[in-house]
Amino acid sequence: MCGLLIGFFRDGLVEVLDYREVRNLSNNQHEFFMDPRGVLEVYDEARSRGMDLVGIYHTHPGFPGTPSARDLEGMELWPVPWLIIGLPSGDTRAWILCGGELKRLRILWIEVNRGSEQ
């Protein structure tokens, strides 16, 4: 599973308000290659809502939520936070590559009550 995080960059923080799964074109469960059309659709949606693409998320089946060598290559191309979810443990970590240095980001989860659907 892979996709994009939508929200805002504010005061040195990344505020994620939504996410969208993007089709993975890879047949290998241990890598992902997001469908470029899906990426463009999510980008257009974010912009139409006055938001930005603020990160990437993906799962690591059978591994913890730490970047692989392939992830590090991708982080050079996409210099935004990467949320990596280890499965089946649910170990979730956020990372960013800054000036060639890998940094782990602190995650603050805030539950939002969206109200009841009718």
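Every value quoted in this text rests on a predicted model; they were computed, and no experiment measured them. (Residues numbered from 1 in each chain as written. Predicted model: local features only at pLDDT ≥ 70, side-chain atom pairs only at ≥ 80, totals over all residues. Heavy atoms only, no water.)

Visitor: Even after reading the chapter, I still don't get the side chain of Thr59, so can you show me in this structure?
Guide: Checked against the element boundaries, Thr59 lands in strand β3 (residues 52-61). Taking relative accessible area as the criterion, Thr59 reaches 14% and is therefore assigned buried. The contacts of Thr59, once residues within four sequence positions are left out, are Met1, Ile85 and Leu87. (Helix = DSSP H or I, 4+ residues; strand = E, 2+ residues; numbered from the N terminus. Buried < 20%, exposed > 50% of the residue type's maximum accessible area, 1.4 Å probe, protein only. Contact = heavy atoms within 4.5 Å.)

Visitor: What should I look at first to understand the packing of aromatic side chains in this one?
Guide: Geometrically, a pair of aromatic rings is defined through the distance of the ring centres and the angle of the planes. A full pass over the atoms with the stated rule returns two aromatic pairs. Ring centres of Tyr19 and Tyr57 lie 5.8 Å apart, and the angle between their planes is 90 degrees; on these two criteria the pair is classed as edge-to-face. One end of the pair, Tyr19, is in strand β2 (residues 13-21); the other, Tyr57, is in strand β3, and 38 residues separate them in sequence. Among the residues examined, Tyr19 registers a relative accessible area of 51% and is labelled exposed. Residue Tyr57 is classed as buried on the basis of its relative accessible area of 5%. A centroid spacing of 5.9 Å and a plane angle of 55 degrees characterise the contact between Phe32 and Trp82, whose relative ring orientation is tilted. Highlighted residues: Phe32 in the loop between β2 and α1 (36-48) and Trp82 in strand β4 (residues 82-87), separated in sequence by 50 residues. Note on Trp82: relative accessible area 4%, which makes it buried. Its end group placed over the ring of Phe8, Arg10 keeps NZ or CZ at 4.4 Å from the ring centre. (Phe/Tyr/Trp six-rings, centres within 6.5 Å; stacked < 30°, edge-to-face > 60°. Lys NZ or Arg CZ within 6 Å of the ring centre and 35° of its normal.)

Visitor: Explain helix α2 (residues 69-77) to me, please; I cannot follow it from the model alone.
Guide: Side chains that are three or four residues apart share a direction in an α-helix, a result of its 3.6 residues per turn. Those residues of α2 not exposed but buried are Asp71, Gly74 and Met75. For α2, the angular spread of the buried residues around the axis is 105 degrees, confining them to a single face. More than 90 degrees from the buried face of α2, the exposed residues found are Ala69, Arg70, Glu73, Glu76 and Leu77. (Arc of directions from axis to C-beta.)

Visitor: Please clarify how the pattern of salt bridges should be interpreted in this entry.
Guide: Think of it this way: side chains of opposite charge can pair up when their charged atoms draw near. Counted by the stated rule, this structure contains nine salt bridges. For Asp18, the salt bridge goes to Arg49, with nearest N and O atoms at 3.1 Å. A residue pair is termed long-range when its members are at least 10 positions apart, and Asp18 in strand β2 and Arg49 in the loop between α1 and β3 qualify at 31 residues. The exposure class of Arg49 is partly exposed, given its relative accessible area of 38%. Taking the shortest distance from any N to any O, the salt bridge between Asp91 and Arg93 comes out at 3.1 Å. (Salt bridge = Lys/Arg side-chain N within 4 Å of Asp/Glu carboxyl O.)

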